[in-house]
Amino acid sequence: MIEPGTSTTSTQNPGATTAGGASAADTVLPLTVGVEEEFLLVDARTLRVVPAAPLVLATAAGLPHELHPEGTRYQVEISTPVADSAAALRGELAGLRRTLARAARAHGCRLLAAPSPVIAVEGPLHLTDDEPRQREQHRRFGALTDTLVSCGRHIHIGTLDVDTAVAVSNRVRPWLPTLIALAANSPFWGGRDTGHASWRAMAWSGWPSAGLPPHFTSTAHFRRSVQTLLGSGAALDTKMVYWDLRPSGNWPTLEFRAPDMSPDIDTAVLQAELARALVATALREIADGRPDRPVREDVLRLARWRAAHDGLEGFGLDPYTGTELPAADLAEALLDLVGPELAASGDLDHAAKTMAVLLRDGSGAHRQRAAFARRGDLMDVLRYLADETEAF
């Protein structure tokens, strides 16, 4: 199976030699992109999560490389094939969502593109039956595994060898808080408003192998950091390297893991467009010999929290200066930064229009709270999420 965002061919210049993919100087647009999306399965009547994943996946059989189980039986995952364009990616997402939604309806369920179940999960956690690894994870990490009932969107950008992926990660990581703010869609958790726009970002940070990736001084430093996680017991294996951004352990991609799951496809495509353009921008800077701008680690950590707290409607921190700025200004600064690469890949028009809609209508967190404010009923939030998820 080819993981999202990977390719069977590299984009090297004639005469270039690289080990696992293209190097910074050899990479040319378009970079490949692929997306993994995680969904909750809810009862069509009560909108509470149900452990129906094995049934739904069996009904949707025929796409073994695109549809997968997740950590719990309340969840299903789609993985798009490799795409070279945003338009192709959008078509794949819509088609796979449609297939899953049909299979879910056959078992009295609906898809929920939400980072959390909104209301508390009743009873013991239903882990994936055929994954002994999940059982060991639960034994070792205890209550932390409750956060497995959450859904994110993972974006793979390729093709990159590990040396290049590490170098690009260093340059991209200052913009992870802005990506979190743009995708913020988890204000409700366990039946209450958490006071955060992306509580998933905060809850997931409880894992010792999660959060912002380190700034790596070399590929050897990256490998040592992974081995430290494994050796300390903080991760069972490399799949448990849960950083917001990581070179894939198995494929020649850089994987963005920070964004919340959200219902509308255009927001998903926007995140993919921005991720690819950030990688392309970093590659151009490396090829041009431009220095990596230093970032204070304490400022970046606070910027991540502020993005998760305020989302798109409040304020954030400039990752380089620590200056408080409207989150919308930071989003527009990101768009300006990667605008040339968006234009080169043909994505600028869609990205600009989709971001304008987000800035006008509000983030997913804002829209969830608006749905709740009408009657003070969390069922209205769940109905809104289910309807938006199935609005292909």
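Above this text sits the structure in question.
Read on for a plain summary of the structure. Residue positions within a chain follow its written sequence, with the count starting from 1. Only residues with pLDDT of at least 70 are given local features in this predicted model, and only at 80 or more are side-chain atom pairs given and counted; all residues enter the totals for whole chains, interfaces and linings. Side-chain descriptors were evaluated using all non-hydrogen atoms of the structure, hydrogens and water having been removed beforehand.

To continue, consider the packing of aromatic side chains. The aromatic pairing rule takes the rings of Phe, Tyr and Trp, using the six-membered ring of Trp, and pairs them if the centres are within 6.5 Å, calling planes under 30 degrees apart stacked, those over 60 edge-to-face and the rest tilted. In total, this model carries eight aromatic pairs according to the counting rule given. With a centroid separation of 5.4 Å and 80° between ring planes, the pair formed by Phe-216 and Phe-222 is classed as edge-to-face. Buried means the residue's accessible area, taken with a 1.4 Å probe over protein chains only, is under 20% of the maximum for its type, while exposed means over 50%, and partly exposed covers the values in between. According to the relative accessible area criterion, Phe-216 is buried, its value standing at 2%. Here Phe-222 falls in the buried class, since its relative accessible area comes to 8%. Site record: aromatic cluster; members linked through ring pairs are Phe-141, Trp-204, Trp-207 and Tyr-242.

By definition here, a salt bridge exists when the distance from a side-chain nitrogen of Lys or Arg to a carboxyl oxygen of Asp or Glu is within 4 Å. Under the counting rule described, the total for this entry stands at 27 salt bridges. Between Arg-246 and Glu-255 there is a salt bridge, and its shortest N-O distance comes to 2.7 Å. Residues Arg-246 and Glu-255 agree in their burial class; the two are buried. With a closest N to O distance of 2.9 Å, Glu-324 and Arg-306 form a salt bridge. Of this pair, Glu-324 sits in strand β13 (residues 324-326) while Arg-306 sits in helix α9 (residues 297-310), and the two are 18 residues apart along the sequence. Since its relative accessible area comes to 44%, Glu-324 is described here as partly exposed. Where helices and strands are cited, they refer to DSSP runs of H or I of at least four residues and of E of at least two residues respectively, numbered from the N terminus.

So, about unusual backbone geometry. Peptide bonds are, in most cases, trans, and in most cases residues other than glycine have a negative phi. Geometrically, the link from Gly-158 to Thr-159 is a cis peptide bond, its omega value of 0° lying close to zero. Relative to the helices and strands, Thr-159 is located in the loop between β5 (153-158) and α4 (162-172). Its identity is not glycine, yet Leu-47 carries a phi of approximately 65°, on the positive side. Within the secondary structure layout, Leu-47 lies in the loop between β1 (32-43) and α1 (53-59). The residue Val-118 is not glycine, and still its phi comes out positive at about 75°. Relative to the helices and strands, Val-118 resides in the loop between β4 (109-112) and α3 (132-141).

Attention now moves to the pairing of β1. With eleven of its twelve residues buried, β1 lies for the most part within the structure. Where β1 and β4 come together, four bridges link them in antiparallel fashion. Paired with Leu-41 across the two strands is Leu-111, which belongs to β4. A pair of strands is treated as paired once DSSP finds two or more bridges between them.

Moving on, we come to the packing of helix α5 (residues 176-183) against helix α10 (residues 327-345). Axes here refer to lines fitted to C-alpha atoms; in helices the fit is confined to the stretch in contact. Angles between the N-to-C directions go from 0 to 180 degrees. Interhelical geometry of α5 versus α10 gives an angle of 115° and a closest axis separation of 10 Å. Judged by the twist between their axes, the crossing of α5 over α10 is left-handed. Along its contact with α5, which presents Thr-178, Leu-179 and Leu-182, the element α10 presents Leu-330, Ala-331 and Leu-334. For this classification, the nonpolar set comprises Ala, Val, Leu, Ile, Met, Phe, Trp, Tyr, Cys and Pro, the charged set comprises Asp, Glu, Lys and Arg, and every other residue, Gly included, is treated as polar. Looking at the contact of α5 with α10 residue by residue, the class counts come to five nonpolar, one polar and no charged. Handedness of a helix crossing follows the sense of rotation of the near helix relative to the far helix, less than a right angle counterclockwise being left-handed and clockwise being right-handed. Residue contacts are defined here by distance: any two heavy atoms, one from each residue, within 4.5 Å place the two residues in contact.

For Ser-209, the location among the structural elements is in the loop between α6 (199-204) and β8 (210-211). Taking the relative accessible area as the measure of exposure, Ser-209 reaches 0% and is therefore buried. In this structure, Ser-209 is in contact with Leu-229, Ala-234, Ala-235, Met-240, Val-241, Tyr-242 and Trp-243, ignoring residues within four places of it in sequence.

With that out of the way, let us pick up α4. Of all eleven residues making up α4, eight are buried, and the element is well covered by its neighbours. Taken as a whole, α4 has its buried residues at Thr-164, Ala-165, Val-166, Val-168, Ser-169, Asn-170, Arg-171 and Val-172. The inward-facing, buried residues of α4 abut α5, α7 (219-231), β10 (245-247), β11 (253-256) and α8 (265-287). Residues adjacent in sequence count toward polar contacts only when both atoms are side-chain atoms; beyond that, a polar contact is any pair of N or O atoms within 3.5 Å, and within protein one must be able to donate a hydrogen and the other to accept it. For α4, the capping residue at the N-terminal end is Asp-161, with a side-chain oxygen 3.1 Å from the backbone nitrogen of Asp-163.

Before going further, it helps to spend a moment on the environment of Ala-143. Here Ala-143 is to be found in the loop between α3 and β5. For Ala-143 and Leu-348, which are 205 residues apart along the polypeptide, the C-alpha to C-alpha distance reads 43 Å.

In short, geometric facts, not functional conclusions.
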